[in-house]
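# Close look at the chain arrangement
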Amino acid sequence: MDNKDEVKTAVEHDFEGSMFIADTDTVSGKISGFLVWDGFAGLSQTDRQKRLWDVLRKSLGAKAVQVSTIFTYTSGEYETLSAA
């Protein structure tokens, strides 16, 4: 399992019903992407990121440093973003 798959497994386990879209930077090897989950509704970006990073650190331990940026959206927010 590569690093991106490990992150995907961790995220999709703790954010049930989510969609995780990720890519790995060819230079740095860092993972970035989008996490789309309707459970983020009503949460600030700060709270969303705290929850995400708590999951990443718990699931991946020291390997969490392999993650660069993951944007967090509800499905409605993501659809609006994708339509622009």
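To keep things clear, this report deals only with the structure shown in the data block. (Residues numbered from 1 in each chain as written. Predicted model: local features only at pLDDT ≥ 70, side-chain atom pairs only at ≥ 80, totals over all residues. Heavy atoms only, no water.)

Looking now at the packing of aromatic side chains. In this structure the tally under the stated criterion is seven aromatic pairs. A ring pair is formed by Trp37 and Phe40, whose centres lie 5.1 Å apart and whose planes are at 85°; its orientation type is edge-to-face. Of the aromatic side chains, those joined through ring pairs into one cluster are Phe34, Phe71, Tyr73 and Tyr78. (Phe/Tyr/Trp six-rings, centres within 6.5 Å; stacked < 30°, edge-to-face > 60°.)

Let's shift gears to the environment of Thr9. Tracing the sequence through the fold places Thr9 in helix 1 (residues 3-14). Separated by 50 residues in sequence, Thr9 and Ser59 place their C-alpha atoms 9.3 Å apart. (Helix = DSSP H or I, 4+ residues; strand = E, 2+ residues; numbered from the N terminus.)

Now for the pattern of salt bridges. Following the criterion strictly, the structure yields five salt bridges and no others. A salt bridge links Lys63 to Glu6, with the shortest nitrogen-to-oxygen separation between them at 3.2 Å. Here Lys63, found in the loop between helix 2 (45-60) and strand 3 (67-73), pairs with Glu6, found in helix 1; they are 57 residues apart in sequence, far enough to count as distant. Lys63 gets classed as partly exposed once you look at its relative accessible area, which sits at 38%. Across the pair Lys58 and Asp14 runs a salt bridge whose closest N-O atoms are separated by 3.1 Å. Pair noted here: Lys58 is in helix 2 and Asp14 is in helix 1, with a separation of 44 residues, a long-range link. (Salt bridge = Lys/Arg side-chain N within 4 Å of Asp/Glu carboxyl O. Buried < 20%, exposed > 50% of the residue type's maximum accessible area, 1.4 Å probe, protein only.)

One ladder, built from six bridges, connects strand 1 (residues 19-24) with strand 2 (residues 31-36); its direction is antiparallel. Bridge pairing in strand 2 links Thr24 to Ile31. Where strand 1 folds back onto strand 2 in an antiparallel hairpin, the turn is made up of six residues, including Gly29, whose phi is positive at roughly 80°. One ladder, built from six bridges, connects strand 2 with strand 3; its direction is parallel. (Pairing = 2+ DSSP bridges.)

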